[in-house]
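# Summary of the model geometry
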Amino acid sequence: MVSDNPLQQVRESANWVNEHSENVKINFDKINEFLDNLKKDDYESKSSTVLFPLNYSNSQQEINFWFLLDLINFGSGYRKELHEACNRGAYETICYGLMGMFLSQGGKLTANFLSNMSLNDVSQLFNIPTQEEFEIQAGIYSYRDTPLKQLVQSIHTVLKESSEIVLKLGFQDFGDWIWSITDPSKRSSSSSSSTTPLASDLIKILVETIPAFNDQAIYKDHRIFIFKKVQLLAADLYRRFKDTIPDRFNFTDINDVTVFTDNVLPAVLRNFGILEVSKELEERLNAGGELLPGNDEVELRVQAIQACIEIVSIAKKRTDNFIKNDVEFDYYLWTKGKDGAIRKVERHYTKKTIFY
C-alpha cells in the first residue's frame, strides 16, 4: 500500500525501482570507498547554505523568491544550447532571470504580474533568445525559432499556470500562500496532527495544487514519486528560516527528505562508481544524445535517490561520520558536480520535462 506521506512515497518508490532496475545498479563496495575518501573540509565547504544578494521587504517576499526559484528550476536538457547562446547553464540562467525580475519589480513578483507576462517578456528577462537570423540565399535573411524557444515557452507556461492557481486561491503571491499554509495556528487541524512543522505537510499541499511540482513517472506499470523541486523548496525554506522562523520552517521530519534528483547527481555518482550503468546505456550517455522520458531516465534519477539513502545510512554507522542527512548530502554532491574532472562526465539530458 502506498503511503499518504509524500516523503515516504519517494522512499518507497526508490526502493521499488532499485529492486526492479535493469540498466542502473548500485555498487555498495564503491560507497564505502567513497566514504573512506570523503574529506570533512571539502564536504562542509560544498554543503553550506547559499544566499542571494537581494534586499527583501519582509519574510514573505523572500519566501516568494525561493518558491519561484525552485518552481522554474528546470531546463537542464538545454544546458549545451544555453552555454552557447547565453554563456550560462540552466540553473545560472534561471537565477539570472529571476533576480532581474525581482530588481525590475522592486521585489514585488506578484501572481498578477507573473500571470500576465508574455513570451517575449520571459525571453528578454531571462536573456534566452527565441529567434535567430539566418541567410536564405546570398544577401537575403530571415528569422526562425531557436532551439531554446521551447524552454522559454515552458517557463512561461509554468509561471502563468501556477500564478493563476494561487490567484484563484485568493493570494497575491506565493509567499503569502506559503505563509498561510505554514501558519502554526492551523496545525491542530492538519491531517498529521503534529505539533511541530512538517515538510511532508507542506509538500503534500504543494504537489496536490501545483502541477509543476507533481514530479512522478510511470515505470513498469508502477507509479514512481520523485518530487524533486518541491522537496528542494522545503529544504531551502528549512535551511534559510529554521532558526529565524522555527515555528513555521524548522521541519522535524527534514531527515526524511531525499536528495533532489536531476541529471547532475546520477553523473556524480557514476563518476565515483557508485552507480553502474549497462554497457548499452553507457554508450548512449557517452554519445551525448538526448535521453527521452522513459525507464532509463527513471532508473538514473531514482537510483540516485536510493544510492544516496544508502550512503547516508552507511555513513551514520561509521564513527567518523559528519553527514547529517540526505538534504545536506545533496547540496554537497550537486556542488561537487561543478568540479573540473567531474563536470566532464557526460550527463544525461531530457528536454521534455519541467521537473529538472
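First, a word on what this report is: a plain description of the structure on this page. Remember, it's a predicted structure, so these values are computed and weren't measured experimentally.

What follows deals with the overall build of the protein. Looking only at helices and strands, one finds 18 helices and six strands in the protein. A compact globule built from 356 residues should have a C-alpha radius of gyration of about 21 Å, and the protein, at 21 Å, falls within 12% of that. By principal-axis analysis of the C-alpha atoms, the protein measures approximately 70 × 55 × 45 Å. In the protein, which comprises 356 residues, the share counted as buried stands at 53%.

Let us now look at the layout of surface pockets. Counted as a void, the largest pocket has a volume near 660 Å³. Listed by contribution, the elements that provide at least two residues to the lining of the largest pocket are helix 3 (40–46), helix 4 (59–71), helix 5 (79–86), helix 6 (90–104), helix 12 (228–241) and helix 17 (326–336). Among the residues forming the lining of the largest pocket, the class breakdown is 14 nonpolar, nine polar and 12 charged.

Below, the discussion takes up the packing of aromatic side chains. Considering all chains together, one arrives at 19 aromatic pairs under this definition. Seen in terms of ring centroids, Phe52 and Trp66 are 5.5 Å apart; in terms of plane orientation they differ by 70°. Their pairing is edge-to-face. Remark: Trp66 occurs in helix 4 and Phe52 occurs in the loop between helix 3 and helix 4; sequence separation between them is 14 residues. By way of ring pairs, the aromatic residues Phe34, Tyr43, Phe272, Phe322, Phe329 and Tyr332 are connected into one cluster. Over the aromatic face of Tyr331 sits the side chain of Arg239, whose NZ or CZ is 3.7 Å from the ring centroid. Arg248 extends its terminal NZ or CZ atom over the ring of Trp179, reaching a point 3.7 Å from the ring centre.

Let's shift gears to the packing of helix 14 (residues 264–271) against helix 17. Remark: helix 14 packs on helix 17, axes separated minimally by 9 Å, with the N-to-C direction vectors making an angle of 80°. Between helix 14 and helix 17, the angle falls in the class roughly perpendicular. In this structure, helix 14 contributes Val264, Leu265, Val268 and Leu269 to the contact, and helix 17 contributes Asp330, Leu333 and Trp334. In the contact of helix 14 with helix 17, the residues fall into six nonpolar, no polar and one charged.

Turning our eyes to something else, we now look at helix 6. Since the α-helix advances by 3.6 residues per turn, residues separated by three or four positions end up pointing in the same direction. Here helix 6 spans 21 Å end to end across 15 residues, near enough to the 21 Å set by a 1.5 Å rise per residue. When helix 6 is considered as a whole, its buried residues turn out to be Ala90, Thr93, Ile94, Cys95, Gly97, Leu98, Met101 and Phe102. In the core, the buried residues of helix 6 are packed alongside helix 4, helix 5, helix 7 (111–115), helix 8 (119–125) and helix 9 (149–168). Within two residues after helix 6, Gly106 carries a phi angle of roughly 60°, on the positive side.

In total, this model carries one cavity of 30 Å³ or more according to the counting rule given. When the residues that make up the lining of the largest cavity are grouped by side-chain class, the tally is five nonpolar, one polar and two charged.

Let us now look at the pairing of strand 4 (residues 216–219). Burial along strand 4 is one-sided: Ala217 and Tyr219 are buried, while Gln216 and Ile218, pointing the other way, are not. Direction of pairing for strand 4 relative to strand 5 (residues 222–225): antiparallel, over a ladder of four bridges. Residue pairing in the sheet places Tyr219 in a bridge with His222 of strand 5. Linking strand 4 to strand 5, which pair antiparallel, is a turn of two residues; within it Lys220 sits at a positive phi near 50°.

What counts and how
- Along every chain, residues carry numbers that run from 1 in the direction the sequence is written.
- Where totals are concerned, whole chains, interfaces and linings use all residues; where local detail is concerned, this predicted model gives features only for residues with pLDDT of at least 70, and gives and counts side-chain atom pairs only at 80 or more.
- Think of the side-chain values as coming from all heavy atoms in the structure, minus any hydrogens and water.
- Working definition: helices are DSSP H or I runs of at least four residues, strands are E runs of at least two. Numbering for both runs from the N terminus.
- We compute the radius of gyration from the C-alpha atoms alone; for a globule the expected value is 2.2 Å times N to the 0.38, where N is the number of residues.
- Under the scheme applied here, a residue whose accessible area is under 20% of the maximum for its type counts as buried, over 50% as exposed, and between as partly exposed, the area being computed with a 1.4 Å probe on protein chains only.
- Grid points spaced at 1 Å over the protein atoms alone were grouped into cavities, where a 1.4 Å probe fits but cannot get out, and pockets, open sets with protein on both sides within 12 Å along at least five of seven lines, with lining residues defined by an atom within 4 Å of a point.
- Grid points are joined across faces, edges and corners, and a volume is the space filled by probe spheres set on the points.
- Gly falls in the polar group here, along with every residue not listed as nonpolar (Ala, Val, Leu, Ile, Met, Phe, Trp, Tyr, Cys, Pro) or charged (Asp, Glu, Lys, Arg).
- Two rings belonging to Phe, Tyr or Trp (six-membered ring only in the last case) form a pair when the distance between their centres is within 6.5 Å. Interplanar angles under 30 degrees mark stacking, angles over 60 mark edge-to-face geometry, and anything in between is tilted.
- Any Lys NZ or Arg CZ found within 6 Å of a ring centre and within 35 degrees of that ring's normal is scored as a charge over the ring.
- Only the stretch in contact is used when a helix axis is fitted, and all axes are lines through C-alpha atoms; the angle between N-to-C directions ranges over 0 to 180 degrees.
- Orientation is classified from the angle alone, with under 35 degrees giving roughly parallel, over 145 giving roughly antiparallel, 65 to 115 giving roughly perpendicular, and any other angle giving oblique.
- When checking whether two residues touch, look at their non-hydrogen atoms; a contact exists if any pair is within 4.5 Å.
- Here a helix's expected span is defined as the number of its residues, less one, multiplied by 1.5 Å.
- Two strands pair under a simple rule: DSSP has to find at least two bridges between them.

Remember that the coordinates give geometry; whether it matters functionally is a separate question.
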